[in-house]
Amino acid sequence: MWPTFWGSYARHIQDPGKQPLFLVLVGFIGSFLFIRLSVRMIRRGVRWWPGNVTPGGLHIHHVVFGLFFLLLGGMGAFATAGTHPWLDVFGLVFGIGCGLVLDEFALLLHLEDVYWSEQGRKSVDAVIVGILFTGLLLVGYLPLGVTPGSHVRWGLIGVISANALFTAITLFKGKFWSGMIGIMVPGVSWIGAIRLARPNSPWARWRYTGRARKYARARRREARWHGRADAARRRLFDLIAGKPTPAGVRPTRAHLLAERMAQRVAGQRTGRPTVKLYLPQDEARMRRLARLPASRHRGAFTAAPPAPSVRRPAPAAADAGRRHPERPVPRAGTPTPDGRRASATARRRTIAAGRRRIRPRPRPERG
């Protein structure tokens with residue numbers, strides 16, 4: 001088996017001079033699969049797996065390492081003038097950088113860490129498009145079989161121009177994969193350009209606004225065919241890259257632990273108190289109030305019933321500047337079996353409502 005494999009490899013890869021491009025593809029796929037395995041292990045909180053790289057509390061994304069590999073591979077290939085075996089080595093390094101950078105394509109696009117959100121699926125799309133494009137170059141070297149040095153005719157130029165036009169129309173109709181495949185395989189984008197556009201595409205907004213029947217047909221076709229294809233694609237992406245975190249769900253324990261450690265280190269360096277991330281203010285307030293007795297946070301979120309009060313008569317001249325004469329004072333002597341219990345209840349309601357605790361003042365005796 002191995003002699004047959006190496007013979008096919010030498011005949012199809014080495015002899016045509018495609019080994020550097022093949023190593024680019026190998027590094028691309030290998031780095032993408034490795035980094036996805038790594039982030040899924042970190043997401044699950046596996047103890048023996050190395051965590052995020054956070055020197056000094058700063059979380060370094062793997063796109064930074066990808067840029068380093070890209071620069072190293074590109075500059076190395078130019079510095080060695082494309083000689084073997086250096087071209088093969090730097091081709092592998094360049095492929096590793098491509099996988100690491102495109103895995104965080106959504107971060108570069110949104111300028112926000114959306115790795116585990118629904119917007120993070122754009123990274124998987126970019127990686128698959130890159131792998132597909134590199135694989136087609138490896139198989140056909142250039143679109144439509146054109147190789148450097150071959151004689152190009154006007155008919156072939158016309159076919160390439162028509163294919164580019166149909167590919168652009170297919171992309172405007174919202175058929176991303178048909179357009180990408182149609183770049184390398186003529187005919188796929190032509191079919192996509194002729195058929196109806198997807199209802200949420202720019203073409204539908206431009207052309208189907210005043211055509212209710214055609215827009216209704218596009219929606220029925222979307223629900224019948226594209227909905228199933230999108231569901232299958234979503235399941236495949238979940239298997240490859242992991243399921244994104246739904247909106248409104250708190251991050252995993254591993255993310256919270258990593259952010260907490262980073263904030264703790266940053267607080268030790270700056271001397272400032274740490275701030276708990278991923279915790280909204282309302283939830284943090286509820287957590288704090290949950291540790292207090294029930295009588296102290298009863299009126300924090302719901303308004304407490306007003307405490308019974310009476311108007312105190314105007315005080316004497318000596319007490320006029322100490323208390324406001326119109327401020328309501330809790331009633332101390334309510335007609336209940338136990339006057340002390342009623343007074344304590346009034347004080348608790350006053351504290352729960354957020355007012356200052358005021359001790360009842362005995363009424364002056366009338367002479």
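In case you missed it, the structure is sitting above this.
Undergrad: What is the right way to look at the overall build of the chain in this model?
TA: Helix and strand counts for the chain come out as 14 helices and two strands. Taken across its 367 residues, the chain has 29% of its residues classed as buried. Of the contacts formed within the chain by residues at least 6 apart in sequence, a portion of 56% connects residues at least 24 apart. For the chain, the accessible area works out to roughly 25300 Å², and carbon and sulfur atoms hold 62% of it.

Undergrad: Honestly, the pattern of salt bridges in this entry has me stumped. Any pointers?
TA: Pairing is possible between side chains of opposite charge, provided their charged atoms come close. For the coordinates displayed, the defined rule picks out four salt bridges. Residue R36 pairs with D103 through a salt bridge whose shortest N-O separation is 2.8 Å. Of this pair, R36 sits in helix α2 (residues 19–44) while D103 sits in the loop between α4 (86–102) and α5 (105–110), and the two are 67 residues apart along the sequence. As far as burial versus exposure is concerned, R36 and D103 are alike and both buried. In this structure, R121 engages D238 in a salt bridge whose closest nitrogen and oxygen atoms are separated by 2.2 Å. Residue R121 is located in helix α6 (residues 121–140), and its partner D238 is located in helix α11 (residues 212–241); the two are separated by 117 residues in the primary sequence. By relative accessible area, R121 is classed as buried at 11%.

Undergrad: Mind showing me how you'd approach the layout of surface pockets here?
TA: Any empty space left between the atoms is revealed when a probe the size of a water molecule rolls over them. Of the volumes computed, that of the second largest pocket is approximately 720 Å³. Forming the boundary of the second largest pocket are 23 residues, of which G174, F176, W177, R198 and R233 lie nearest the centre. Contributing elements (two or more residues each) for the lining of the second largest pocket: α5, α6, α8 (176–184) and α11. When the residues that make up the lining of the second largest pocket are grouped by side-chain class, the tally is seven nonpolar, six polar and ten charged.

Undergrad: Is there a simple way to think about empty space enclosed by the protein in this case?
TA: In this structure the tally under the stated criterion is three cavities of 30 Å³ or more. Quantified by volume, the largest cavity comes out at close to 60 Å³. Looking at the largest cavity, the residues that line it are R36, Y115, W116, S117, G120, R121, V124, F237, A241, G242, K243 and P244. Every element with two or more residues in the lining of the largest cavity is listed here: α6 and α11. Taken together, the residues that form the lining of the largest cavity break down as six nonpolar, three polar and three charged. Here the second largest cavity is characterised by a volume of approximately 40 Å³. R36, D103, E104, A106, L107, V114, Y115, G120 and S123 are the residues that line the second largest cavity. Residues belonging to the lining of the second largest cavity are distributed by class as follows: four nonpolar, two polar and three charged.

Undergrad: How should the environment of A10 be read in this particular structure?
TA: Checked against the element boundaries, A10 lands in helix α1 (residues 2–14). When neighbours within four sequence positions are excluded, A10 is seen to be in contact with D15 and P16.

Undergrad: Whenever I open this one, the packing of aromatic side chains confuses me. Can you help?
TA: For any pair of aromatic rings, the description rests on two quantities: the centre-to-centre distance and the angle between the ring planes. All chains considered together, the criterion is met by seven aromatic pairs. Measuring from centroid to centroid gives 6.4 Å for F34 and W49, while their planes differ by 50 degrees, and the two rings are tilted. Of this pair, F34 sits in helix α2 while W49 sits in the loop between α2 and α3 (62–79), placing them 15 residues apart in sequence. Centroid distance Y115 to W116: 5.2 Å. Interplanar angle 80 degrees. Geometry classified as edge-to-face. Overall, the relative accessible area of 13% leaves Y115 in the buried class. Site record: aromatic cluster; members linked through ring pairs are F34, W48 and W49. Stacked on the ring of W116, the Lys or Arg R43 has its end atom at 4.0 Å from the ring centre.

Criteria and cut-off values
- Residues numbered from 1 in each chain as written.
- Predicted model: local features only at pLDDT ≥ 70, side-chain atom pairs only at ≥ 80, totals over all residues.
- Heavy atoms only, no water.
- Helix = DSSP H or I, 4+ residues; strand = E, 2+ residues; numbered from the N terminus.
- Buried < 20%, exposed > 50% of the residue type's maximum accessible area, 1.4 Å probe, protein only.
- Contact = heavy atoms within 4.5 Å.
- Areas by Shrake-Rupley, 256 points an atom, 1.4 Å probe, with all protein chains shown as cover.
- Salt bridge = Lys/Arg side-chain N within 4 Å of Asp/Glu carboxyl O.
- 1 Å grid on protein atoms, 1.4 Å probe; cavity = no way out; pocket = protein on both sides within 12 Å on 5 of 7 lines; lining within 4 Å.
- Points joined across faces, edges and corners; volume = space filled by probe spheres on them.
- Nonpolar A, V, L, I, M, F, W, Y, C, P; charged D, E, K, R; others polar.
- Phe/Tyr/Trp six-rings, centres within 6.5 Å; stacked < 30°, edge-to-face > 60°.
- Lys NZ or Arg CZ within 6 Å of the ring centre and 35° of its normal.

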